[in-house]
Amino acid sequence: MLKPIILFCLLCFSNLFAQSKATIAGNVKSFENENLIGVRISLDTNSQHYNYVSDTLGSFTAELPSGFVKIAVNHFGYLEKTLSFDCENDTIISIILEKDVSFLKEVVISNNKRSGITSLSGGKLSFNLKELAAVPTVLGTTDIIKILQLTPGVQNSGDANGYLYVRGGDSGHNSILYDGTPIYGMSHLLGVFPFYNTDHIQEIEFDKSSSNAKYGGRLSSTTLLIPNKKIPSQFTIQGNIGLLSSQATLSIPISEKSGITISGRKTYIDEIIAPTLKSGSKNNDVQDMKYGFLDGNLTFITEVSKNSLLTVSAFSSADKLQIKDTNLALRTSLKWSNLSISPSLFTKLSSKTSMSNAIYFTRYTNELNMEQSTIGMGVSSFVEDFGFANSINYLVKGTYFESGLQYVYHILQPQKIQIENLSTTNVTEQNPLIKANEFAVFTTAKPKLLDNLKAELGLRINYYNSGAKSYLHFQPRVVLNYYMDKNLSFYASYNRQNQYLNLITTSSVGIPTDFWIASSDGIPAQSSNEFALGSNQTISKSITSSFGTFYRSMNHLLEYPYGVTQFNEISTLKNDLLKGKGKAYGLEMMLKKNKGKFKGWLSYTLSWSDRNFEKLNNANTYYAKYDRRHNLSLVGTYDLNSKWNFGVTQIFSSGNRFTMPTSWYFINNNPVKEYSEYNNAQMPNYIRTDLSVNYFFMKKTKKESALNFSIYNTFNIENPIYVVLNVVVNENKDSVVVKPEKKVLYRILPSISWRFKF
């Protein structure tokens, strides 16, 4: 009886014995001992292919048949690293990126220095801000928005504007997420100062098409600002001291498993510029202008357990502009601010499954107050969100999936208008308030369809409700990547987007009197469909290129033609907002050099963007304001030696559009303008050259001291921000001469700053 039982057991388990398995447990870190999140690990055996992603702790675990295995490690901005070996037993590996060292028993994997800007699948870009410090900026500190404007598909907004215009979209069509939290205010005054403190940000991921189903709510791009999430091992301080502003970042260890990073920044432009302007004025009471801002960042991180990580991220900013003109008896005050806070918990549930949960609060406000003579007017607005976001990463038969759900409660006050007669008690007020709920579920899969064909497939389902208005939208996302060989790949993508919160712009320059409004009765949700094709080529070890084309159609676009405010007894936003449609299409190219003493890139975009509104331009199609036919950017940095490096930026773009009168005539001896087509004129071409020089007193991994010399608009070229038409009438009042006057904000701007890290 015993022999048949033994024989039966051997037959049942023979396949198991023949297919013995081994476990590979790995950890991926940077040279600074920082866990690298989201690293893609591909494993190939003789018969199967497996995909894994490192979790927030930088770890991954793979269970596969024993035998020969080939491992490929990919991370945003890093060159692909491969190794192969016979895995007969359980193996532990530690991979250290960034400084050319990685060990697996006796196997050494070399790694090259990370490039400043890297092309990802589907035309996305990743930015390493440390490697972009030599790119010239207006005040010697890296400006994220200005860097993005040097890439293909992003229109140069010109001076006095800190907004993004991507692939023919409007400024409010872009989503900027700080550690997953939406930020609604986008710039300091006139775009002069960088809006984000780059010392606090580890990495930027920029997706021109917002192709990841995890993100939604905008028609155009998604920019992820990922703060530093390294647990400090020792106290460090770094920052920048300049002529007009300074910043500092402190990393403070609390224990071996927790730490905090705090950043702060402030301008002292009033203390330096205002006295200079006042002393140079013959009549000190003619005009008085004051401006100041401050902002701060905080990141707290702690390992709750071996498999859990808690992070708290916060961001705040506050700006204030005051103008006083005694000749006009005018006092003006403009204030705007941002506040966001988001605690999140990452949990590793198993070797193949991880989950993150986050709640967040974000608020943006602006307030304009004006007093002239006996009349006072106030216009204010705000938008705030209370949100929850959940996502689960998991593997199904070697295919990576991410699914989750999101909920956000919106409260908006588009415009609170108050007009007061200061000599009486008469007050007139409008105070609309909109509340809305938004719920979304999403899933993304990254299957390998063929040996050379990979896909990113996503579906986002959005439900939106505000009052009696509700929407249910299905938003598919598809990206196909075909790898012809290791040096040439192609991609094709389709994305459908819907937008429920819309930015209404009221100024042609970067003065934040704009306001947000939610879709409700009479205000539709915007939508877009985008198609894109492109390719990435590796020309040599240090030179890569990319080419692409896109087409985007947009519906239910909104236009507010009344400036800062339209106020009367029958005026409502529902009636005042115009609805229309638009389309954009173009070609993009980029050539990058990532290695050697000389590094940089060349970017060029040829694009068209037009609009059609029934109540504008006699319902005829017209060019959008930022329809700039040509956008060319050249960026170069040169490392002369360990002490000196140099940077240059050359920008050329076609001028933006505006509406100019086509004829003038008299009515009762008063000149009257007559217009034909909307946006029928074009500003002069925008041309600017910036230079920078860095001199390093000390340059080490943990210590740095350097002086930066920068010249913005080196050749002092006039780039007007708008044109004023002055009318000159002769003495007989029978003829009119129109003289355009170009208003220029920036001319040549030299600056010097000291950058330090200890």
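Computed from a predicted model, the values in this text were never measured in an experiment.

(A) Molecular detail of the overall build of the protein. Each helix and strand in the protein was counted, giving four helices and 48 strands. Buried positions account for 51% of the 758 residues belonging to the protein. The contacts of the protein with a sequence gap of at least 6 include a subset with a gap of at least 24, amounting to 62%.

(B) Region of interest: the pairing of strand 2 (residues 40-44). With five bridges joining them, strand 2 and strand 3 (residues 49-53) adopt antiparallel strand pairing. By the bridge assignment for strand 3, Leu-43 is matched with Tyr-50. In this sheet, strand 5 (residues 67-74) lies alongside strand 2 in antiparallel orientation, the contact comprising five bridges. Among the inter-strand pairings, Asp-44 is bridged to a residue of strand 5, identified as Lys-70.

(C) Quick peek at the sheet that holds strand 15 (residues 222-227). With respect to topology, six strands assemble into an open sheet ordered 10-11-14-15-12-13, the strand pairing being mixed. Looking at the sheet topology across the chains shown, the edges are occupied by strand 10 (117-119) and strand 13 (181-182). For strand 12 (residues 175-178) and strand 15, the ladder comprises four bridges, and the chain directions are parallel. Across the sheet, Leu-177 pairs through a bridge with Leu-224, a residue of strand 15.

(D) Local environment of the nonpolar core. Ranked by internal contacts, the top residues of the largest apolar core, which has 73 residues, are Phe-127, Tyr-196 and Trp-516. Not counting residues up to four positions away in its chain, the partners in contact with Trp-516 are Gly-172, Tyr-184, Met-186, Arg-218, Tyr-364, Val-383, Leu-412, Pro-414, Leu-501, Asn-502 and Leu-503. By size, the runner-up hydrophobic cluster in this structure holds 22 residues, among which are Phe-60, Ile-71, Val-73 and Leu-83.

(E) Highlighting the side chain of Ser-403. Tracing the backbone through its elements, the reader meets Ser-403 in strand 24 (residues 399-421). Only 2.8 Å separates the side chain of Ser-403 from the side chain of Thr-443, close enough to count as a polar contact. In contact with Ser-403, other than residues within four places in its own chain, are Asn-390, Ser-391, Ile-392, Tyr-394, Phe-442 and Thr-443.

(F) Main features of the sheet that holds strand 6 (residues 81-87). What the four strands build is an open sheet, ordered 3-2-5-6; its pairing is antiparallel. Only two strands of the sheet have a single neighbouring strand rather than two, namely strand 3 and strand 6. The mean inter-strand angle of the sheet, taken between neighbouring strand axes irrespective of direction, is 20 degrees.

(G) Region of interest: the environment of Met-698. Residue placement: Met-698 occurs in strand 44 (residues 686-699). The sequence separation of Met-698 and Lys-643 amounts to 55 residues, and the corresponding C-alpha distance is 7.9 Å. When neighbours within four sequence positions are excluded, Met-698 is seen to be in contact with Lys-703, Glu-704, Ser-705 and Phe-758.

(H) Focus on a nonpolar patch on the surface. Residues Leu-405, Tyr-407, Phe-439, Val-441, Leu-459, Tyr-463, Leu-472 and Phe-474 make up a contiguous nonpolar surface patch of about 680 Å² in total accessible area. Listing elements by their share of the nonpolar patch, those giving two or more residues are strand 24, strand 26 (434-446), strand 28 (453-466) and strand 29 (469-485). Position of Tyr-463 among the secondary structure elements: in strand 28.

(I) Geometry of the environment of Ser-245. Structurally, the position occupied by Ser-245 is in strand 17 (residues 245-255). Spatially, the C-alpha atoms of Ser-245 and Phe-193 are 8.6 Å apart, while their sequence positions differ by 52 residues. Leaving out residues up to four positions away in the same chain, Ser-245 has contacts with Phe-193, Asn-240, Lys-266, Thr-267 and Tyr-268.

(J) Inspection of the pairing of strand 30 (residues 488-499) at higher detail. Here strand 29 runs beside strand 30; their pairing, made up of eight bridges, is antiparallel. Bridge pairing in strand 30 places Asn-481 opposite Tyr-491. Once strand 29 ends, the chain turns through two residues before running back antiparallel as strand 30. Relative to strand 33 (residues 526-538), strand 30 is paired through twelve bridges, and the arrangement is antiparallel. Pairing of Phe-490 across the sheet is with Ser-535, part of strand 33.

Rules used in this analysis
Residues numbered from 1 in each chain as written. Predicted model: local features only at pLDDT ≥ 70, side-chain atom pairs only at ≥ 80, totals over all residues. Heavy atoms only, no water. Helix = DSSP H or I, 4+ residues; strand = E, 2+ residues; numbered from the N terminus. Buried < 20%, exposed > 50% of the residue type's maximum accessible area, 1.4 Å probe, protein only. Contact = heavy atoms within 4.5 Å. Pairing = 2+ DSSP bridges. Core = buried A, V, L, I, M, F, W, Y, C linked by side-chain atoms within 4.5 Å. Polar contact = N/O pair within 3.5 Å; in protein donor to acceptor, adjacent residues only side chain to side chain. Axes fitted to C-alpha atoms, helices over the stretch in contact; angles between N-to-C directions. Patch = residues over 30% accessible without salt bridge, like charges linked within 9 Å, V, L, I, M, F, W, Y side chains within 5 Å. Areas by Shrake-Rupley, 256 points an atom, 1.4 Å probe, with all protein chains shown as cover. Salt bridge = Lys/Arg side-chain N within 4 Å of Asp/Glu carboxyl O.

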